[in-house]
Amino acid sequence: MENITVLGSTGSIGRSTLDVIRRNPDRFRVFALGAGGNADQMFSDVMEFKPDFAVLSDKSGAEKLRELLKAENSDTAVLSGYEQLSFIASHESCDSVMAAIVGAAGLVPALAAVKSGKKLYLANKESLVMTGHLFIEALRKSGSRILPVDSEHNAIFQSLPQTEQERLGFCHMKDAGVSRILLTGSGGPFRQLPLERMPFVTPEEAVAHPTWSMGSKISVDSSTMMNKGFEFIEAKWLFNLNNEDIQVVIHPQSVIHSMVQYVDGSVIAQLGNPDMRTPIARVMAYPDRVESGVGALDFCSLSGLSFFEPDYNRYPCLKLSIDACWSGQAATTALNAANEIAVSAFLNHSISYPRIYEICSKAVDRHCGDTISDVDSVLELDKKARETATALL
Ligand code: NAD
Ligand code: MG
């Protein structure tokens, strides 16, 4: 029985994770749940999964949860405050951690899991965008294991030989005969929108992703393809790649989730319906396979698979993030921070859609020369870049 801590349990990935656990009660036990502030959702999950701990970083949410659970005589201990997320991620009774908090808030608890040697199922790509080699270095020191939840990286993982699957963070792609990674992305809801309409798109249109159902922040990132740029950076660190080893390909149907090209001309891909329970089940059961609740792909009903090169005029955030990856860690950390501020402002109707790119671009220019030496300096730069982006709003 694996005792798992689910961070971000009330979100989209968290819900899918709990569904995989629900279907496999003989393999997984929820040790702890952690989230931001949704006390009602947390209450119903605690009643169903009976974890040892439930953490809400929002203190008033935790207070409400405590009251609700007291009335039910629940044995689950309720903890409040952000630092308690690291406590449940590194607790000696926990075997593995699903890191599915959104944004920079996911970094510190994910690192706490790595440093204490837990098996880490990584959905929070922002951790790698922010810290890159520091994260991989922490992995090396603790000997803990990382498995990718992000569907593209999960597809690449599944398409690699077992030798490389066993050493994520430290892969030798040349030894494995890999020539290139093909990172696919749907192109989001604005793939065919006339460019002159871009200034007028609404948050509602941006979060209406054509193939995936996700949280609002990653949905906006998918529409700008900032998400694909972050995945480019994530792939670099997970698979120990050079920037020129990764090619982004637009594939609107989201049936192929990414591919690995080998020196002999072979291309190995992973396919499936666009449902995050597949990659979640793959990492949690690895090396076994378990029921995820996702239906079989029906090839005869597919209308065709198409592929395009991304147009940087349409997706300037994709270019910006790939350039940041070349530039280095300060650039990617600043980009992540500015993007969180800009996307949140766009979702609140405070700025227009094209301003997301403008703000991110200026923040990267301002901070790409900053120095990063450790996680504290990453957090300091994250704070400064947020201030820069906020001032630009
Ligand atoms: P979401 O918005 O649906 O959920 C976010 C979760 O994070 C919630 O549980 C929320 O309470 C928690 N959270 C936010 N701020 C917090 C804080 N300060 N303290 C504690 N908890 C906090 O997001 P999501 O779509 O589930 O995405 C989660 C992560 O997974 C992101 O990093 C995203 O990039 C990644 N991811 C998501 C998908 C997807 O299909 N949704 C796919 C690949 C990767
Ligand atoms: Mg993805």
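One structure accompanies this document, and this report is about it. (Residues numbered from 1 in each chain as written. Chains lettered and ligands numbered in written order. Predicted model: local features only at pLDDT ≥ 70, side-chain atom pairs only at ≥ 80, totals over all residues. Heavy atoms only, no water.)

**Notes on the coordination of the magnesium ion (ligand 2)**
Surrounding the magnesium ion (ligand 2) are the protein donor atoms Asp150 (OD), Glu152 (OE) and Glu231 (OE), which sit 2.1 to 2.2 Å from the metal. Each donor residue of the magnesium ion (ligand 2) lies on one chain, and together they are spaced D-x1-E-x78-E. Linking Asp150 in the loop between strand 7 (146–148) and helix 8 (151–158) with Glu231 in helix 12 (residues 226–238), this pair joins segments that are 81 residues apart in sequence. Overall, Asp150 belongs to the buried group, its relative accessible area being 8%. (Donors = N, O, S within 2.8 Å, 3.2 Å for Na, K, Ca; no water. Helix = DSSP H or I, 4+ residues; strand = E, 2+ residues; numbered from the N terminus. Buried < 20%, exposed > 50% of the residue type's maximum accessible area, 1.4 Å probe, protein only.)

**Considering the site of ligand 1**
Close to ligand 1 lie 23 residues; Thr10, Ser12, Gly36, Ser57 and Glu126 are nearest. One of the backbone N or O atoms of Ser12 is found 2.9 Å from an oxygen atom in ligand 1. Look at ligand 1: alone it shows 820 Å² of surface, and the protein chains cover 85% of it. A per-class count over the shell around ligand 1 returns 11 nonpolar, nine polar and three charged. (Near = heavy atom within 4 Å. Polar contact = N/O pair within 3.5 Å; in protein donor to acceptor, adjacent residues only side chain to side chain. Areas by Shrake-Rupley, 256 points an atom, 1.4 Å probe, with all protein chains shown as cover. Nonpolar A, V, L, I, M, F, W, Y, C, P; charged D, E, K, R; others polar.)

**With respect to the sheet that holds strand 10 (residues 256–262)**
Spatially, 9-8-10-11 is the arrangement adopted by the four strands of the open sheet, whose pairing is mixed. Looking at which strands have only one partner, the edges of the open sheet turn out to be strand 9 (246–250) and strand 11 (267–271). In this sheet, neighbouring strand axes are inclined to one another by 20 degrees on average, regardless of whether the strands run parallel or antiparallel. Pairing between strand 8 (residues 178–185) and strand 9: five bridges, direction parallel. The residue of strand 9 that forms the bridge with Gly185 is Ile250. Contacts from helix 8 reach strand 8, strand 10 and strand 11, with the element oriented near 40 degrees to strand 10. (Pairing = 2+ DSSP bridges. Axes fitted to C-alpha atoms, helices over the stretch in contact; angles between N-to-C directions. Contact = heavy atoms within 4.5 Å.)

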